[in-house]
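Overview (structure and organization)
This is what each chain is made of:
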Amino acid sequence: MNPTRVRRAARISGGIIALCTAILAVDWAVATYREPRDESIVKHLQEEVREDPEFAPKLEAENDRITAARLGRRQRGQAIAWILLAAAALFLTAVNHLRAARGLRFVDLDTLKAPPAAQRRKRMKPATNGASAGASTEAGFDTRFVDELVALHGRAKEAAIPILQAIQTHYRHLPDEALRRVCDLTDITPAEISGTSTFYGQFRRSPVGKHIVRVCHGTACHVAGARQISDELRRHLQIPEGADTDPKRLFTLEEVACLGCCSLAPVLMVDEHTAGRLTPSTAPSALEDLEQREPA
Ligand code: FES
């Protein structure tokens with residue numbers, strides 16, 4: 001490929017990356033500035049509506065404006081993220097190409113692919129707890145998955161995050177047996193595993209329920225009573241103090257930021273389905289269908 005064109009592609013994609021990053025930063029700054037302001041406006045209007053119902057249309061209009069602004073920001077953010085991804089891929093490819101032309105290699109894409117199984121087996125460190133590689137533990141835990149991950153990502157401490165991410169994706173939480181196996185096979189210590197898994201919010205140490213219930217605690221929902229909705233759902237599902245999943249492991253309750261439909265506040269999502277304008281007494285009905293469909 002013509003090096004002048006490649007250089008131009010690198011410059012253009014670099015410019016796009018800088019522009020997208022600037023737009024995202026400005027959006028974030030605007031959102032940070034407006035959130036508390038919007039919250040106090042809505043709160044004030046709600047008080048006025050309580051005294052004089054004639055203010056209701058004004059409150060509704062304000063809620064619609066806030067929803068439209070947030071939706072706009074969210075959609076813009078998503079579009080920019082895709083553009084950023086494409087520009088970054090183009091930039092890396094162009095830089096790689098230029099460096100390859102000079103005999104250097106910036107990112108060798110082949111190294112990102114999984115090594116062949118035979119090679120992976122060769123790199124695998126033997127188990128130190130007496131169990132043979134690829135066997136099941138006494139508790140019935142199949143160690144092969146973790147063994148493969150270690151063979152793929154290596155035994156160094158830096159492999160902790162990709163290994164934990166893969167375990168989390170596979171089991172939807174980090175089972176103790178899997179973590180013990182990681183410690184057996186790698187240089188990663190139990191303290192490092194524990195530190196990493198508690199520091200990053202994406203990791204769970206306990207099993208997740210079959211359905212995820214996300215209760216919105218964004219500004220509009222918070223003002224409209226999201227706390228009471230969460231409390232009522234915890235009571236209805238009999239979720240113990242300090243836990244987030246019911247004893248039957250059917251529902252996991254999460255408190256999340258704005259779901260993008262503030263005019264329906266307070267809002268929750270069960271898996272992909274949204275329910276709005278909830279009250280503590282109607283919120284459990286959003287789960288009832290699912291509860292009834294599950295075998296006792
Ligand atoms: S605050 Fe926007 S949907 Fe709850």
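Residues numbered from 1 in each chain as written. Predicted model: local features only at pLDDT ≥ 70, side-chain atom pairs only at ≥ 80, totals over all residues. Heavy atoms only, no water.

Right, let's talk about the overall build of the protein chain for a bit. A count of helical and extended segments in the protein chain gives 10 helices and four strands. When its helices and strands are written in sequence order, the protein chain yields α-α-α-α-α-α-α-β-α-α-β-β-β-α. Looking at the protein chain alone, contacts between residues at least 24 apart form 65% of all its contacts between residues at least 6 apart. (Helix = DSSP H or I, 4+ residues; strand = E, 2+ residues; numbered from the N terminus. Contact = heavy atoms within 4.5 Å.)

Moving on, we get to the state of the cysteines. For the structure shown, the criterion picks out zero disulfides. Between C261, a free cysteine, and C221, which holds the nearest cysteine sulfur, the sulfur-to-sulfur gap is 6.9 Å. Classification of C261 by relative accessible area gives buried; the value is 17%. (Disulfide = S-S within 2.5 Å. Buried < 20%, exposed > 50% of the residue type's maximum accessible area, 1.4 Å probe, protein only.)

The subject of this paragraph is the sheet that holds strand β4 (residues 273–275). Sheet strands line up and pair through hydrogen bonds in the backbone, either parallel or antiparallel. Judged by pairing direction, the sheet is mixed, and its four strands sit side by side in the order β2-β1-β3-β4 without closing on themselves. With partners counted over all chains shown, the strands left at the sheet margins are β2 (251–256) and β4, one partner each. Adjacent strand axes in the sheet meet at a mean angle of 20°, parallel and antiparallel pairs treated alike. In this structure, strand β1 (residues 211–216) lies alongside β2, joined through six bridges in parallel fashion. Bridging across to β2, V213 finds its partner in L253. (Pairing = 2+ DSSP bridges. Axes fitted to C-alpha atoms, helices over the stretch in contact; angles between N-to-C directions.)

When the terminal C-alpha atoms of helix α5 (residues 160–171) are compared, their 16 Å separation across 12 residues agrees well with the 16 Å that a helix rising 1.5 Å per residue should span. All buried positions along α5 are accounted for by A160, I163, L164, I167 and Q168. All buried residues of α5 project into a common sector of 135° when viewed along the axis, lining one side. Buried residues along α5 sit against α4 (144–153), α6 (176–185) and α7 (190–199). (Expected span 1.5 Å × (residues − 1). Arc of directions from axis to C-beta.)

A few words on a positive patch on the surface. Positive charge collects at one region of the surface, where R5, R7, R8 and R11 lie side by side. Following the sequence through the fold, R7 ends up in helix α1 (residues 3–51). A relative accessible area of 40% places R7 in the partly exposed class. (Patch = residues over 30% accessible without salt bridge, like charges linked within 9 Å, V, L, I, M, F, W, Y side chains within 5 Å. Areas by Shrake-Rupley, 256 points an atom, 1.4 Å probe, with all protein chains shown as cover. Salt bridge = Lys/Arg side-chain N within 4 Å of Asp/Glu carboxyl O. Lys, Arg positive; Asp, Glu negative; His and termini not counted. Charge placed at Lys NZ, Arg CZ, Asp CG, Glu CD.)

As a volume, the largest pocket reaches approximately 250 Å³. Around the largest pocket, the lining is made up of 14 residues, and of these L59, E60, N63, S263 and A265 lie nearest the centre. If you list the elements that add at least two residues to the lining of the largest pocket, you get α1 and α2 (56–101). With five residues, the top contributor of residues to the lining of the largest pocket is α2. (1 Å grid on protein atoms, 1.4 Å probe; cavity = no way out; pocket = protein on both sides within 12 Å on 5 of 7 lines; lining within 4 Å. Points joined across faces, edges and corners; volume = space filled by probe spheres on them.)

Turning our attention to the environment of I16. Within the secondary structure, I16 sits in helix α1. In this structure, the C-alpha to C-alpha distance between I16 and F91, residues 75 residues apart in sequence, is 9.7 Å. If sequence neighbours within four positions are ignored, I16 has contacts with I83 and A87.

So, about the confidence of the model for the protein chain. Model confidence for the protein chain is summarised by a mean pLDDT of 81, while 82% of its residues fall at 70 or above. In the predicted structure, residues 103–134 sits below a pLDDT of 50 and forms 45 contacts with residues beyond four places in sequence or in another chain. (pLDDT = per-residue confidence, 0-100.)

Counting 18 residues, the largest nonpolar core has V146, I163, L164, I167, L174, V182 and I193 as its most contacted members. When contributions to this core are tallied by element, the ones reaching two or more residues are α4, α5 and α6. Of all the elements, α6 adds the most residues to this core, at five residues. Filtering out sequence-adjacent residues up to four positions away, I193 remains in contact with L164, L179, V182, C183 and I188. Counting 15 residues, the second largest nonpolar core, distinct from the first, contains L233, L253, V270 and A275. (Core = buried A, V, L, I, M, F, W, Y, C linked by side-chain atoms within 4.5 Å.)

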